[in-house]
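# Per-entry structural report
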Amino acid sequence: MAGARPLSTRWTLLLSLVVLLGCLVIPGVTVKHENFKTCSQSGFCKRNRALADDVSAKGPSWTSPYQLDPSSIEFKDGQLRGTILKAVSADEQVKLPVVVSFLESGVARVVVDEEKRVNGDIELRHNSQARKERYNDLEKWVLVGGLELSKSATLRPETEEGFTRVLYGPDNKFEAVIRHSPFSADFKRDGQTHVQFNHQGYLNMEHWRQKVEREGDSEEQSQEDEARWWDESFGGNTDSKPRGPESVGLDITFPGYSHVFGIPEHADSLNLKETRGGEGNHNEPYRLYNADVFEYELNSPMTLYGAIPFMQAHRKDSTVGVFWLNAAETWIDIVKQTSSANPLALGVGSQTDTQSHWFSESGQLDVFVFLGPSPQEISKTYGELTGYTQLPQQFAIAYHQCRWNYVTDEDVKEVDRNFDKYQIPYDIIWLDIEYTDDRKYFTWDPLTFPDPISMEQQLDESERKLVVIIDPHIKNQDKYSISAEMTSKDLATKNKDGEIYDGWCWPGSSHWIDCFNPEAIKWWVGLFKYDKFKGTLANVFIWNDMNEPSVFNGPETTMPKDNLHHGNWEHRDIHNVHGMTLVNATYDALLERKKGELRRPFILTRSYYSGAQRMSAMWTGDNQATWEHLGASLPMVLNNGISGFPFAGADVGGFFGNPSKELLTRWYQTGIWYPFFRAHAHIDTRRREPYLIAEPHRSIISQAIRLRYQLLPVWYTAFHEASVNGTPIVRPQYYVHPADEAGFAIDDQLYLGSTGLLAKPVVSEEATTVDIYLADDEKYYDYFDYTVYQGAGQKHTVPAPMEKVPLLMQGGHVIPRKDRPRRSSGLMKWDPYTLVVVLDKNGQADGSLYVDDGETFDYERGAYIHRRFTFQGSTLVSEDIGTKGPKTAEYLKAMAGVRVERVVVVDPPKEWQGKTSVTVIEDGASAASKASMEYHSQADGKAPYAVVKNPNVGIGKKWLIEF
Amino acid sequence: MILPQGSLFFAGIAACSTVAAAAGDASSRPRGVAPEFAKFYKDPDTFTCISHPAIQIPLSAVNDDYCDCPDGSDEPGTSACAHLSRNSALTPAERPGNDDLELVAALPGFYCKNKGHKPSYVPFQRVNDGICDYELCCDGSDEWARVGGTKCADKCKEIGKEWRKKEEQKQKSMTAALKKKKELLDEASRQRKEVEDNIQRLEGEIQAQELKVKDLQVELEEVEKQEQSKVVKGKTAGKLGVLAGLAKSRVEELRSALVDVRKERDDTRARVKELEGILSTFKVEYNPNFNDEGVKRAVRGWEDYAVRGTLEGAENGAQDRDLDEIAKPDDEKSGINWEQWENEDEGCDSSIVYQLAAYFPPAFVDFVEDKVVLAKGFLEDNGILSKAAESATTESKLVSEARDSVKAAEKSLKDLQSQLKNHRSDLDTDYGVASIFRALKGVCITKDAGEYTYEHCFMDQTKQIPKKGGSSSRMGKFVGIGSVSVDVLNEAGDVVPEDRVSLDYANGQSCWNGPARSTTVILECGEENTILKVAEDEKCVYSMRVTSPAVCASGEEGPAAPKGKDEL
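Predicted model, so just to flag it, every value in this text is computed and none were measured. (Residues numbered from 1 in each chain as written. Chains lettered and ligands numbered in written order. Predicted model: local features only at pLDDT ≥ 70, side-chain atom pairs only at ≥ 80, totals over all residues.)

### Points about the domain arrangement of chain A
Each domain of chain A was delimited in the assignment, giving domain 1 (31-156 + 174-208 + 230-237 + 244-275 + 307-341 + 349-373), domain 2 (394-474 + 515-728) and domain 3 (832-962). The gap between the C-alpha centroids of domain 1 of chain A and domain 3 of chain A is 50 Å. (Domains from an automatic or database assignment.)

Next up, the structure:
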């Protein structure tokens, strides 16, 4: 080895040089790692990982200490109850009640608790007032339905010794096989195992124990490392942990699945990576602990602002999933094991299993299992439980113009006038924290915003809206009436000693509203009434930021875990759902700000948990004006979409820093594909409203924004679809083509709703083309010139000069549009539609359109239009697929004048060449009429097209056009 | 916004529009057509697209709410062709006619007759969008289809009246502005004349002064010569002794200076150390969540600084020991033993030449003296001969008086020259066309906006004064007159660039986390000098919109004003 020394010294030198250079470059541009825990700095994370390592090392000699007591098992009404016994020592067993519920929807739910804690039969340290139970109230915030127990689920009688088998799901095709000792569970579909619990033996319920004060050098050495069982310090803060160690952990294996997606929010690829090191893998588990991460880094499993502990595993033609219902700090390790193919067993190839290992700091073990088999079924059943995306107001899916900060009410008016001057549409302008008087929410700065009402009125003249920020931290100042009220009514979050918690945020010393308290919600709702929040009109909506909560001087920039919320639940137990409870209260507030004025709320939230989709939109927080961040926005938005929260977007232009004209232009061309489309910028950046950008970029950006507006009917229809069945609004490749393995990991191109519109935004500098991957053999047409691309399983090079948004239309769809540019989406209400009929290989197409008033809840009483357009043979038909309600007729009458102005057929049969007219038959018309049609052939690989002029049919009417 | 009765009126746009096209109003122009375009719509059967005569359509297709012409000329009264714009990305289907044609709208917009007011165009994208655009279309004719029940009553009578009143005021104000401009021009040219007069006067005075200086210098030389020819020799110590004495006091002086400087250095070092301490704690403890670019920059700056080395590494013990040694007072053992040097007498005295002179006749003395002075000067200049210690021999009163007179005269010459220079450079300074801003120099105007009062002093500086108290910040010092391009709307509602005179101010107070403040004052014509609006375009880069009669068009042709077009 001596000979190697000089070499290694050189290497060390080189390495240290690299490290040194790295140190010089990195500070300031990435996250401050020392502010956030790594797994080894988090006691329970380290313990659970160590357990996994230990179990793996011991191999078959290891036996999990958990067994289901066969005598305790009861099965009744779709529920299996029993007690798991955890062997702690030779003569001590901890009782863990378990309930496995088989739901009507085909979902199975496993809940494990701890008897001693349930019964309050434990002692808390430090005279803590905290609750003794494991947190059991989470479903109140998260679940809204889908809990109906299965009537058909049955115990399988012919079970062998030591197993309990339950048949459930549609046609009882699903089966749960529960092994008693050691306890484990396999979930099967059609006889095949798809999900396994405790297959690796990592199940871990840290039971309550008394702290034993040991003498300095006690001879009796502890069996376990107790170093971080009790008080735990990080970054100068000490967590008192009055209940001691209490984590829950479980391994969940997906046999035969090599792809897993979900568990947002992380700045990472859609296809989740392994987390136990190795080339291209992460070294840390994916973490879910909502936090205000300043200048977050990309390709990282680090935690971000939101948490959805919902994971999907996907393989050819099968998608399954698990939902880990726990709001405490959670980490997820992922390992993929590939078994080599057995050369002797014909037809058995190599198989990859994905093993996930979940652990949370506290709370119950509560897991839902979804057996698919399609991504759509997963979305549907997950949505039944946690709720579907709210159908937003129409304006909310248009273009949002934001900046920290528009500095005066005059500034806002000027920006508003400028958009009109340059004829660029926008719907909403935003105010960040500086509009307030000294960062006191619900007030206006008297010098800079002396007249908010006239500002809002000017916006309303073109049906535009204002969004103002309201955060959960309330400036601690006696003279501030909101603060005084919150204190006197005792509605703030408490510290571990039961006093009002005081921390630092934007206003300096602040208190936090405790939205777990029903009284606090009631009070909060009152604050938004027009007569209370002076200076607001009906066109003002709300942005809830910093709700992780962000506490500048708190541990990991958030609240101490031993803070106490309503009901004396520790912050530890509820942390990840904290942000959503604020949104929940704000949602209630915005529903009815004046008696009788019931409107769909619009709220943007930074922090979220499963269920936030019912009430809000989210954005990916404080990104940066770099190409890398632009690229990262797509997998982040897609991942949120498949995880049940599709109303998502990233700051267009990048929050920190000044984007080049090219980057800004490409970001707009990308941003129009975010369900939530908002430009935002940091206070220190140059002004970058699109009209300020020099030509030709100004026109190019305008074109991108107008393209978004042209396609608003499609977007709104996709939102409607999401609101009834949970489908993502923009969809990744695997979701649309679940059998195409080559596309599973693709996360830089997307399909818009069910329209077959396939976009691949340019996210690299100086690109002139993009390669779009096509999974199927259908014809795809360039949106702007109808160039044909065809060929399954291949990438196709599509031109993408600066002015071009790479966008294809898959054959077989009808795409409704509104082609007339207006100042705002509200002013497009009465405009006619264009229907683009893109024929497939067989000359067929279909599509749908959903329309309502975009504002009220009248759609719940039938005030909407829902049509299906089908082209077959040579006929285009519009049929009603809605359900009539008491308000249907009135709405249809109001919409009677809205018609179809143009029908475009892409790639019509050649026989149409001589055709100059079509026959139009509208329901209720006395006779058929004619409309003129023009056929255009094109050269250079571009498909021909035909345009029907003014068929003059109502959008809400039944009609057919005979070509 | 939605009135349920709207549906009654919404019987169908197409039907309405056909009626409009056929029947029209008395002048039989189709809806939305201005008189100047009426000629294109005369043919009773067919319509020819204005910019694309090859495309002809039946007249019934005019205003049928469907876009047929690539220039949009078939839809003067609807929004059907509103998408024909460089702001829209088009697909072949909604590009009427041939794909390759350039799509430029032939009509400036929807023509509102606005009877009782003045006619104007409203952009097509605002036609039938449910909003009464009274600002452009006071007769409400842009909302003829009454979508969603929109009814826009004709308000031209009141709006027109209001407008005329305003217009009248505007005219008056313009007249007043031009008058003020003329006054400014007169004042500017008067001031310019004054400067020119001053230059002339100064040039004369300088000439005279130069002569005076010359005379006085001659006088001084005379006096000096006379004085030097007198032998003045006081009792002095030997030259070396004098040197030693001087050197000693000099060394003492330097030593005490060294001690002072060292003390200062140590104080400064202590302060730097304290600052470095503050900064390194700052780096560790700062909270990145405040999202403050300035703080981040400061941390980065500190890190760069720290990489180059902090005070820790800078202290040098050896050097300090040397300095300690040097700082000790001199005695026999250390430093220089001055005693030894001070008591030494010289054998040779260079001032012998002066003593000799006393024994020669004056003419010879003069000659020799001249030569000696020359030689001595040469030797002194080359460091061969030490300078006669002037301090040792006190100068006579006469000489010093003569010298003072020269100095005084030179000084006043210099003053005059610098005055001249200032005036000349003032004359060369760009004060805009006809030097008009000369008359505004130093005139200050203010504006309250948000948290600040802003001040603009023409050709001097811009300032920001916080209303909540605290010191004001200079937003820039005047650097020059320039021009900026401003986007304005033309009659058709298109954005067109227009050049404006700007006054540029730079190098103001630095921002805590930004550049030195700067301001561009963009001028437009107005009766008063008024700040209309102040904006911070980017961090600490401001723009001010200011009105002033100085930039109103015409009027430069006043007396003494150079003719010529406004350079902007």
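### A closer look at the sheet that holds strand 10 (residues 518-525) of chain B
Residues and elements named next belong to chain B. Spatially, eight strands are ordered 5-6-7-8-9-10-12-11 in an open sheet, and the strand pairing comes out mixed. Of all the strands in the sheet, just strand 5 (444-449) and strand 11 (530-538) have a single pairing partner and so form its edges. For this sheet the average axis-to-axis angle between neighbouring strands, irrespective of direction, equals 30°. (Pairing = 2+ DSSP bridges. Helix = DSSP H or I, 4+ residues; strand = E, 2+ residues; numbered from the N terminus. Axes fitted to C-alpha atoms, helices over the stretch in contact; angles between N-to-C directions.)

### Section: the UniProt feature "domain: Glycoside hydrolase family 31 TIM barrel" (unreviewed entry) in chain A
Under the local residue numbering, the UniProt record ascribes the feature "domain: Glycoside hydrolase family 31 TIM barrel" (unreviewed entry) to residues 390-718 of chain A. The span residues 390-718 of chain A is 33% helix and 13% strand, and its two end C-alpha atoms sit 12 Å from each other. (UniProt positions renumbered as here; feature names shortened; annotations may be inferred.)

### With respect to the sheet that holds strand 32 (residues 617-619) of chain A
All names here are of chain A. Ordered in space as 33-32-31-28-24-23-22-34, the eight strands form an open sheet in which the pairing is parallel. With partners counted over all chains shown, the strands left at the sheet margins are strand 33 (648-649) and strand 34 (677-679), one partner each. Strand direction decides the pairing type here: strand 24 (residues 465-469) and strand 28 (residues 540-544), joined by four bridges, are parallel. Bridge pairing in strand 28 links L466 to V540.

### Considerations on the domain arrangement of chain B
As far as domains go, chain B holds domain 1 (1-154), domain 2 (239-340) and domain 3 (433-551). Domain 2 of chain B and domain 3 of chain B are separated by 45 Å when their C-alpha centres are compared.

### A short note on the confidence of the model for chain A
Do not read the fine detail of predicted coordinates wherever pLDDT is low. Mean pLDDT over chain A: 94, with 95% of residues reaching 70 or higher. Per-residue pLDDT stays below 50 along residues 1-28 of chain A; that stretch engages in six contacts with residues further than four places along the chain or on separate chains. (pLDDT = per-residue confidence, 0-100. Contact = placed C-beta atoms within 7 Å.)

### Quick look at the UniProt feature "coiled-coil region" (unreviewed entry) in chain B
As annotated in UniProt, the feature "coiled-coil region" (unreviewed entry) corresponds to residues 171-278 and 399-426 of chain B in the numbering used here. In the segment residues 399-426 of chain B, helix accounts for 100% and strand for 0%; the C-alpha atoms at its two ends are 40 Å apart.

### Comments concerning the environment of E434(A)
All names here are of chain A. Here E434 shows up in the loop between strand 23 (428-431) and helix 7 (452-460). E434 sits in the partly exposed class, given 17 other C-beta atoms within 10 Å. Residues E434 and Y734 lie 300 residues apart in sequence; the distance between their C-alpha atoms is 43 Å. Aside from chain neighbours lying at most four places away, what touches E434 is N405 and V407. (Buried ≥ 20, exposed ≤ 12 C-beta atoms within 10 Å, placed from the backbone.)

### Considerations on the interface of chain A and chain B
At the interface, 56 residues of chain A touch 50 residues of chain B. Partitioned by chemical class, the residues of the side of chain A that touches chain B number 20 nonpolar, 17 polar and 19 charged. (Nonpolar A, V, L, I, M, F, W, Y, C, P; charged D, E, K, R; others polar.)

### What about the pairing of strand 6 (residues 452-457) of chain B?
In regular strands, side chains alternate between the two faces of the sheet. All names here are of chain B. With six bridges joining them, strand 5 and strand 6 adopt antiparallel strand pairing. Pairing of K447 across the sheet is with Y454, part of strand 6. Linkage of strand 5 to strand 6, two consecutive antiparallel strands, is achieved through a turn of two residues, within which G450 is found at a positive phi near 60°. Relative to strand 7 (residues 461-466), strand 6 is paired through six bridges, and the arrangement is antiparallel. From the neighbouring strand, C457 faces strand 7, where its bridge partner is Q461. In textbook terms, the turn of a hairpin is the stretch between consecutive antiparallel strands, and for strand 6 and strand 7 this stretch comprises three residues, one of which, M459, has a positive phi near 60°.

### Overview of the packing of helix 3 (residues 156-229) of chain B against helix 11 (residues 397-428) of chain B
Residues and elements named next belong to chain B. Close contact between helix 3 and helix 11 brings their axes to 8 Å; oriented N to C, the two are set at 160°. Between helix 3 and helix 11, the crossing angle belongs to the class labelled roughly antiparallel. Helix 3 and helix 11 meet at a crossing whose hand is left-handed. Of the residues in the contact of helix 3 with helix 11, the class split is 17 nonpolar, eight polar and twelve charged. (Parallel < 35°, antiparallel > 145°, perpendicular 65-115°, else oblique. Left-handed = near helix turned anticlockwise from the far one by under 90°.)

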